[in-house]
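Spelled out, the chains give:
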Amino acid sequence: MDLLLRCVGAAEPIARRVIEEGYGAELDAGAFFAAWSRHFTELGRVTPAPLKEGALTLLDTVAQLGLPMAVATSSYTAHAQDKLRRAGLLRRFKAVVGADQVQKPKPDPEVYLKAAATLGVDPRDCLALEDSEYGVRAAHAAGMTVVQVPDMTQPTADLRALGHIVLASLKEVAGYPFTVETTDG
């Protein structure tokens, strides 16, 4: 379970390294990840991923404000788009930027920087919603305001030291008292 939790939010190269280090040479990592991919692809066809509590309300609120939205993910773009399509959410996002579109995966900020550039928005003006340590670190390094809504793991003291916002659910995001800094004095 520890190995699985260390893979949450990780792009395949990082997850592969974690699994290989955990199991050593006795594991055929290629076969493992091929079986993993087949299993989750089939599972996604049968059962769409459940939406987080408050997700639709938050997406509606952001859309009503006229703010552009993108997905910056450690998943491959096509896989993320398929999941979003099955959940009826794909049309809500101006862009989906996956790990296959960047050179360095999360926790590197590249995927977030590319998503902001695609939206035509300065990363410092972006709000990033994350559930994983890799994503929090990536968005923070990109200079974004980061809100973590933990899923499978709670943030460690080391992660909390970044100073990002941690909320229990997406329902809390719309009511959070964000401050807006302006450069016009």
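What comes next concerns the included structure. (Residues numbered from 1 in each chain as written. Predicted model: local features only at pLDDT ≥ 70, side-chain atom pairs only at ≥ 80, totals over all residues. Heavy atoms only, no water.)

### A few points about a nonpolar patch on the surface
Part 1: Among the surface-exposed residues, Met-1, Leu-4, Trp-36, Phe-40 and Met-152 lie close enough to one another that they form a single nonpolar patch of about 510 Å² accessible area.
Part 2: Looking at the element boundaries, Leu-4 is found in helix 1 (residues 2-7). (Patch = residues over 30% accessible without salt bridge, like charges linked within 9 Å, V, L, I, M, F, W, Y side chains within 5 Å. Areas by Shrake-Rupley, 256 points an atom, 1.4 Å probe, with all protein chains shown as cover. Salt bridge = Lys/Arg side-chain N within 4 Å of Asp/Glu carboxyl O. Helix = DSSP H or I, 4+ residues; strand = E, 2+ residues; numbered from the N terminus.)

### A look at the environment of Asp-2
Part 1: Secondary-structure assignment places Asp-2 in helix 1.
Part 2: Given a relative accessible area of 51%, Asp-2 falls into the exposed group.
Part 3: For the pair Asp-2 and Trp-36, spaced 34 residues apart in sequence, the C-alpha separation works out to 17 Å. (Buried < 20%, exposed > 50% of the residue type's maximum accessible area, 1.4 Å probe, protein only.)

### A word on the packing of aromatic side chains
Part 1: Applying the stated criterion across every chain yields a total of 1 aromatic pair.
Part 2: A ring pair is formed by Tyr-176 and Phe-178, whose centres lie 4.8 Å apart and whose planes are at 55°; its orientation type is tilted.
Part 3: In this structure Phe-178 comes out as partly exposed when scored by relative accessible area, which is 30%. (Phe/Tyr/Trp six-rings, centres within 6.5 Å; stacked < 30°, edge-to-face > 60°.)

### Side note on the sheet that holds strand 3 (residues 127-130)
Part 1: On the basis of which strands lie adjacent, the open sheet formed by 3 strands has the order 3-4-5 and parallel pairing. Both edges of this open sheet fall to strand 3 and strand 5 (165-166), since each of them pairs with a single strand only.
Part 2: Contacts from helix 7 (residues 133-141) reach strand 3 and strand 4 (145-148) within the one sheet, and its direction differs from that of strand 4 by about 165°. (Pairing = 2+ DSSP bridges. Contact = heavy atoms within 4.5 Å. Axes fitted to C-alpha atoms, helices over the stretch in contact; angles between N-to-C directions.)

### Observations concerning the pairing of strand 3
Part 1: With burial as the criterion, only one face of strand 3 is covered, namely that bearing Ala-128 and Glu-130; the residues Leu-127 and Leu-129 on the opposite face remain uncovered.
Part 2: Summarising the sheet, strand 3 and strand 4 pair through 4 bridges and their orientation is parallel. Bridging across to strand 4, Leu-129 finds its partner in Val-147.

### Comments concerning the environment of Leu-59
Part 1: Along the chain, Leu-59 falls in helix 4 (residues 55-64).
Part 2: Considered as a pair, Leu-59 and Leu-89 are 30 residues apart in the sequence and their alpha carbons are 9.1 Å apart.
Part 3: In contact with Leu-59, not counting residues within four places along its chain, are Met-69, Leu-89, Arg-92 and Phe-93.

What is shown is where atoms sit, not what they do.
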